[in-house]
Protein chains: 2
Amino acid sequence: MFKWGMLSVALALSGVADAQTKETVDLDMVSRIRQEAFHRSQVMATFSHLTEQIGPRLTNSPAMGEANTWTRSKFNEWGLVNVHDEAFDAFGRGWEFSNASVELLSPRVAPLYALPKAWTPGTNGPVEGEVIKVEIKKLADLDQYKGKIAGRILLLNDARDYERATKSDSHRHDDAGLAELQVFAVPKDVADAKADRAKKAKEYLEKQELTRATNAFFAEQGVLATISISGWDNGIIRVGGGGSRKAGEPVGVPELAMMAEHYNQLVRAVDQKQAVKLRVNVQARFTDTQDQPGYNTLAEIRGSGKADEIVMLGAHMDSWHTGTGAADNAAGVAVMMEAMRILKAVGAKPKRTIRVALWSGEEQGLIGSQDYVSKHFARYPEPTDPAQLTLPASMREPTGALQRQRDYDKFSAYFNMDNGSGRFRGIYAQENLAAVPIFEAWLAPFHDVGATTVATRNTGSTDHIAFDRVGLPGFQFIQDRLDYFTNVHHSNLDTWDHAEPEDLKQAAAIVASFVYNAAMREEKLPRKPLLTP
Amino acid sequence: MFKWGMLSVALALSGVADAQTKETVDLDMVSRIRQEAFHRSQVMATFSHLTEQIGPRLTNSPAMGEANTWTRSKFNEWGLVNVHDEAFDAFGRGWEFSNASVELLSPRVAPLYALPKAWTPGTNGPVEGEVIKVEIKKLADLDQYKGKIAGRILLLNDARDYERATKSDSHRHDDAGLAELQVFAVPKDVADAKADRAKKAKEYLEKQELTRATNAFFAEQGVLATISISGWDNGIIRVGGGGSRKAGEPVGVPELAMMAEHYNQLVRAVDQKQAVKLRVNVQARFTDTQDQPGYNTLAEIRGSGKADEIVMLGAHMDSWHTGTGAADNAAGVAVMMEAMRILKAVGAKPKRTIRVALWSGEEQGLIGSQDYVSKHFARYPEPTDPAQLTLPASMREPTGALQRQRDYDKFSAYFNMDNGSGRFRGIYAQENLAAVPIFEAWLAPFHDVGATTVATRNTGSTDHIAFDRVGLPGFQFIQDRLDYFTNVHHSNLDTWDHAEPEDLKQAAAIVASFVYNAAMREEKLPRKPLLTP
């Protein structure tokens, strides 16, 4: 059944390509791009600077500011133009941490491994307290703890059974896996999808309300710190934000995520009525007193002939804070920067303007890219419901017809990278069937480095969606997963060593070639019909 | 080729079994053992106490002493007799640590994850210093650093490429894997094996000499601390001992092992001539000023009829220090203790005396078990070469004929567990072909819980070898590896959560049944010819 479906889809697409493609590719230019990408690469130098010199780049942290500055300086050095940062609305405060230490003092003495959640306060020196476990699923659950948690360290989760692996933690697509990607699963109807989004938004708002109330309650009750279980096993610390980035909102108490093997041990000891005592020391600080705007970094190679038309490429430069933001997403940033460098190095003279964007605020809901698209290309009317307005832009439900901005009709396409550091194996066409034969032609010179597949399906969850949802062609590449979703995504292992230099070189060559092709072809990229939400 | 060999071996063994087995098994007793093991298990309570109440049990540490005391109390509580500790010669000093913290101060600020090597000194409060990388492979390499490393923190290893997994990190034997275990690979001739051992001993002695000289040199030169790369990737800290456990020997300076992803970053920064600065704080201490003996814990169920004949079971109780010594080897200890508890609970009245041994000093070279065997059963004459005498007992080359002690002829067999916490799938017969049909008969009532395989091959590296090398039947079980050699062996992940309660229950039932059978059968276990080394 599956195989049959797969084959017919493949045949159908191939038929489309044969009938419609008159797409020409400048193979001389592709050769020059490949040579620069493969033999004179600077992608690892860029990747290294971002990850190990600058380090993790939490949105609005000093390191993110440093990354804006450094990437601008590189763009200028490479001869790009219109290099600048573009602000988006008051994102919140910056935050950074320098150390975290948790010591088990009783029933025995041992160091435990935990790291703070972003946007939570430090401890202001070591604090010691007894550990208790709390169960807070809804607002009413707080009452029972009134007057009982002062000076305590709280465990917020149940213990979790160790999940034994059944497959390798590193994955590369094989032919069968790539073929499977070409099957398009018929999606939900718009009405059902809208209902799903409404449900998600409601849950999000309820969770936000509970978080605010809990943060205020814990601080007011004199809780010393809270500890949650890491999202993954095997000693990996996987954690995002806590507290609040918004000035004026309660930031609560120091919050940490602890490696599962240590966390579970605390829960077992507490369950056995042992007196569990910890010493916690978190050095963390908010770097602003007031909300600050976030900043995307942009730069261009100006076109000639169709200079007012725009081809874009980008990746988010912000990251979570416990690793060095390597696969998520210094990899994407380094590849997009390298693609621009390559185009300059090979002397490309594109007809359309090629613009690179290094987004911020992606991890908090595609905030930087949404804002940019809404200002430059198109937006839906802001909701009037105040609850909807507290949602991240990517979750807000449009309340009227699309409002096109000046450059909407000048826009050709956007290419994004944010699925880890693995090799490109093709591209998702986002249901834009007219783009399929074009991409097939553009991908042909890269079959020999493993990029072969144009899939009609959608892929989501990152900055190309900011374009896609206003009807603009926004795409993301199919990548080998490597250990993105097993070891590194949002974890302390998101570091330099888990990336593969050859994969990043290959990706940069393909991106440079794609944006060059998009900038040179006669027409802008075809658009799919806008699915009004 | 392989398959052909495998099948013929399997057929041959099966023929042996058919022809020779008259082995009878008391299935009523096996049923009672299984019921006690499966329905009224206490193996996890024992395992939990050892790992999470007592914690890691480095040989001669206070926690190891606590484990000796606690296991004696449990044996007494269960009605075992002759419960006592037996000392072995001055092992060295005890050591323990309570915390370790490494902060990157420059080129950026970040916490790094590292834990101390056992038997190395603490820092006596936080110390700060610049990082340099050294290359020390031989004594002459020290000279170049004279006067150049005062106040520095030294990196001892090169960076290591991330090793991407190709298989699941957790493994259970399938039928093909078990069949493969039944192929016996013809080993090296004794002369060649002896030459190999001599080479290993020479390398060991050279390494010891280099370690002693380096420890003295670093301390004398005023080095602040050294950092090595963890043995494994993915944030796991895998580390054993450093410094020296022997009073009077130079302990050197604080030594840490750092997670690979952090260590490699330091090497890259130093290689790029960046000024790398760390703050290191290690709280560790030697708990004795003089060498102390180590202690094995022993207990018995006295036999009736053949009470002076001995069946033994055991596992090492000592562990490394960064995890909680769970798979290595609280699992083995809990299973062996549970087997004794089960036998008492079902009212077993064995003919031979059943003696359980919880060894110490295993991780430093099977020291506790070797000493015990040499005092009770047999020993080879001590070497006269002073260099040989500085080797761990397990590496010393015999210099004459075996000297049998009083109980040599009273000994039947020893059963060991020390291959992690995974399910028993059979037993290694250690080239003792006469034992094969016996074990096959004993294993038959456990086919339904996955234990089916009697392999003729040898397995090594733990305490049954102390018996095997003096010609006594000493065995170890075939176990599912789980993630023993990928995540937990000698690492900070060697914790409660990586064990499977059902596997430990199954193992305890099989051990109880095996030792009961050995204690009841007409004859002692057959012995293989002694391969005089």
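Residues numbered from 1 in each chain as written. Chains lettered and ligands numbered in written order. Predicted model: local features only at pLDDT ≥ 70, side-chain atom pairs only at ≥ 80, totals over all residues. Heavy atoms only, no water.

**Things to note about the overall build of chain A**
Counted only if it meets this: Here a strand is any run of E in DSSP of at least two residues, a helix any run of H or I of at least four, and the numbering for each starts at the N terminus. We call a residue buried when its accessible area falls under 20% of the maximum for its residue type, exposed when it is over 50%, and partly exposed in between, using a 1.4 Å probe and counting protein chains only. We call two residues contacting when some pair of their heavy atoms lies within 4.5 Å. Accessible surface area values rest on a Shrake-Rupley calculation with a 1.4 Å probe, where residue burial reflects the displayed protein chains alone. Positive charges are assigned to Lys and Arg, negative charges to Asp and Glu, while His and the chain termini are left out of the count. Every charge is mapped onto a representative atom, which is NZ of Lys, CZ of Arg, CG of Asp or CD of Glu.
Summing up its helical and strand segments, chain A has 14 helices and 18 strands in all. Along the three orthogonal principal directions, the C-alpha set of chain A runs to about 75 × 55 × 50 Å. Looking at chain A as a whole, 60% of its 533 residues are labelled buried. Taking the contacts inside chain A whose residues are at least 6 apart along the sequence as the reference set, 85% of them involve residues at least 24 apart. Roughly 20700 Å² of accessible area belongs to chain A as shown, and the carbon and sulfur atoms make up 51% of that amount. In chain A, the 61 positive side-chain charges and the 68 negative ones have mean positions that sit 2 Å from each other.

**Comments concerning the nonpolar core**
The following threshold applies: Among the buried residues, those of types Ala, Val, Leu, Ile, Met, Phe, Trp, Tyr and Cys that are joined through side-chain atoms within 4.5 Å form a nonpolar core.
Judged by nonpolar contacts, the single largest core of 98 residues is most densely connected at A:L256, A:L278, B:L256 and B:L278. Those residues in contact with A:L278 that lie beyond four places of it in its chain are A:V102, A:E103, A:L104, A:L105, A:L112, A:V127, A:E128, A:G129, A:V131, A:I153, A:I227 and A:L266. Judged by nonpolar contacts, the second largest core, of 75 residues, contains A:W78, A:A348, A:W442 and A:V515.

**Notes on the sheet that holds strand β8 (residues 255-258) of chain A**
All names here are of chain A. The cut-off we apply is this: The pairing criterion for strands is at least two bridges between them, as found by DSSP. Here an axis means a line fitted to C-alpha atoms, over the contact stretch when the element is a helix, while the angle between two N-to-C directions is reported on a 0 to 180 degree scale.
Read from one edge of the open sheet, eight strands run β3-β2-β9-β5-β6-β7-β8-β4, paired in mixed fashion. Both outer strands of the open sheet, β3 (110-112) and β4 (114-116), are each paired with one neighbouring strand and no more. Across the sheet, the axes of successive neighbouring strands diverge by a mean angle of 35°, strand direction being ignored. With three bridges joining them, β4 and β8 adopt antiparallel strand pairing. Note that in β8 the partner of L115 across the bridge is A257. Across the face of the sheet, helix α7 (residues 260-271) comes into contact with β2 (95-106), β3, β5 (127-133), β6 (153-155), β7 (225-229), β8 and β9 (277-286) while running at roughly 115° to β7.

**Side note on the interface of chain B and chain A**
Inclusion rule: Accessible area that two parts lose when put together, with a 1.4 Å probe and added across both, is what the buried area reports. When a carboxyl oxygen of Asp or Glu lies within 4 Å of a side-chain nitrogen of Lys or Arg, that pair is called a salt bridge. Polar contact is defined as a pair of N or O atoms within 3.5 Å, subject to the rule that within protein one atom must be able to donate a hydrogen and the other to accept it, and that residues adjacent in sequence are counted only when both atoms are side-chain atoms.
Tallying the contact residues gives 51 residues for chain B and 51 residues for chain A. For the pairing of chain B and chain A, the buried interface totals around 4000 Å² over both sides, and the portion due to carbon and sulfur atoms is 45%. Linking chain B with chain A are eight salt bridges. As a salt-bridge pair, B:E500 and A:R164 come within 2.7 Å of each other at their nearest N and O atoms. There are 30 residue pairs in polar contact (both at pLDDT 80 or more) connecting chain B and chain A.

**Notes on empty space enclosed by the protein**
Defined as follows: Residues are called lining when one of their atoms sits within 4 Å of a cavity or pocket point, these points coming from a 1 Å grid over the protein atoms alone, where a cavity is a set in which a 1.4 Å probe fits but cannot get out and a pocket is an open set with protein on both sides within 12 Å along at least five of seven lines. Grid points are joined across faces, edges and corners, and a volume is the space filled by probe spheres set on the points. Under the scheme applied, nonpolar residues are Ala, Val, Leu, Ile, Met, Phe, Trp, Tyr, Cys and Pro; charged residues are Asp, Glu, Lys and Arg; polar residues are all the others, including Gly.
This structure, assessed with the given rule, holds seven cavities of 30 Å³ or more. What lines the largest cavity is a set of 13 residues, among which A:E52, A:Q53, B:Q265, B:A269 and B:Q274 lie closest to the centre. Broken down by secondary-structure element, the contributors of at least two residues to the lining of the largest cavity are α3 (43-54) of chain A together with α7 (260-271) of chain B. Residues belonging to the lining of the largest cavity are distributed by class as follows: five nonpolar, six polar and two charged.

**Notes on the pattern of salt bridges**
Inspection of every chain in the model, using the stated rule, returns 77 salt bridges over all chains. With its nearest N and O atoms 3.1 Å apart, the salt bridge here joins A:R268 to B:D497. Of the two residues, A:R268 is situated in helix α7 and B:D497 in the loop between α13 (484-488) and α14 (501-520); the pairing between them involves two chains. Here B:R285 makes a salt bridge to B:E96, at a shortest N to O gap of 2.8 Å. Residue B:R285 is located in strand β9 (residues 277-286), and its partner B:E96 is located in strand β2 (residues 95-106); the two are separated by 189 residues in the primary sequence. Assessed through its relative accessible area of 47%, B:R285 is described here as partly exposed.

**A closer look at the environment of B:T214**
Residues and elements named next belong to chain B. Looking at where T214 falls in the secondary structure, it is placed in helix α6 (residues 190-221). For the pair T214 and L142, spaced 72 residues apart in the sequence, the C-alpha separation amounts to 7.3 Å. Ignoring any residue separated from it by four or fewer positions in sequence, one finds T214 in contact with I136 and L142. Of note is the side chain of T214, whose polar atom sits 2.6 Å from the backbone oxygen of L210.

**Things to note about the pairing of β9(B)**
Residues and elements named next belong to chain B. Sheet topology places β2 next to β9; 10 bridges connect them, and they run antiparallel. The residue of β9 that forms the bridge with S106 is K277. Note that strand β5 (residues 127-133) and β9 share four bridges and pair antiparallel. Of the residues in β9, the one forming a bridge with E128 is R279.

**Let's talk about the pairing of strand β10 (residues 292-301) of chain B**
All names here are of chain B. For β10, the buried fraction is high: seven of the 10 residues fall into the buried class. Two elements, strand β1 (residues 81-92) and β10, share seven bridges in a ladder whose sense is antiparallel. Paired with V81 across the two strands is E300, which belongs to β10. Bridge count between β10 and strand β12 (residues 352-359): five bridges; the pairing is antiparallel. Its bridge partner lying in β12, I301 is registered against I354.

**A few points about the sheet that holds β1(B)**
All names here are of chain B. The eight strands lie next to each other as β1-β10-β12-β11-β15-β18-β16-β17, forming an open sheet whose pairing is mixed. Here the strands that pair on one side only, and so sit at the sheet edges, are β1 and β17 (453-455). Averaged over all pairs of adjacent strands, the angle between strand axes in this sheet comes to 25°, irrespective of strand direction. Taken together, the five bridges between strand β11 (residues 306-316) and strand β15 (residues 411-416) define a ladder with parallel strand orientation. Bridge assignment links M312 to a residue of β15, and that residue is Y414. Together, β1, β10 and β12 form the strand contacts of helix α4 (residues 62-77), whose direction differs from that of β10 by roughly 15°. Packed on one face of the sheet, helix α11 (residues 435-443) meets β15, β16 (424-428), β17 and β18 (474-479) and runs near 165° to β17.

**A short note on the relation of the copies chain B and chain A**
Counted only if it meets this: What sets the superposition is a least-squares fit of C-alpha atoms, and only residues with pLDDT of at least 70 in both copies go into it.
Mapping chain B onto chain A calls for a rotation angle of 180° and an axial translation of 0.0 Å; the resulting RMSD is 0.0 Å. What we have between these two chains is a two-fold relation. Of the C-alpha atoms belonging to chain B, the one lying closest to the rotation axis is found on B:S168, 2.0 Å away. A high fraction, 100%, of the interface residues of chain B reappear at the interface in chain A, so the copies pair face to face through one surface.

**Some remarks on helix α8 (residues 326-345) of chain A**
Where burial is concerned, most of α8(A) is hidden: 18 out of the 20 residues are buried. In the segment just after α8(A), A:G347 is the residue with positive phi, at about 75°.

**Brief notes about the UniProt feature "domain: Peptidase M28" (unreviewed entry) in chain A**
The following threshold applies: UniProt positions are given in the numbering used here, feature names are shortened, and annotations may be inferred rather than shown by experiment.
The feature "domain: Peptidase M28" (unreviewed entry), as annotated in UniProt, sits at residues 296-515 of chain A in this numbering. Strand forms 22% of residues 296-515 of chain A and helix 31%; the C-alpha atoms that close the span are 20 Å apart.

**Topic: the packing of helix α2 (residues 27-39) of chain B against α14(B)**
All names here are of chain B. To keep it simple, the criterion reads: Here the word oblique covers every angle except those under 35 degrees (roughly parallel), over 145 (roughly antiparallel) and from 65 to 115 (roughly perpendicular). Rotating anticlockwise by less than a right angle from the far helix to the near helix defines a left-handed crossing, while the corresponding clockwise rotation defines a right-handed one.
Remark: α2 packs on α14, axes separated minimally by 9 Å, with the N-to-C direction vectors making an angle of 150°. Judged on the interaxial angle alone, α14 and α2 are roughly antiparallel. Seen from above, α2 lies across α14 with right-handed handedness. Packed against α2, whose contacting residues are M29, V30, I33, R34, A37 and F38, the element α14 presents K505, Q506, A509, A512, S513 and Y516 at the interface. Of the residues belonging to the contact of α2 with α14, the class tally is eight nonpolar, two polar and two charged.

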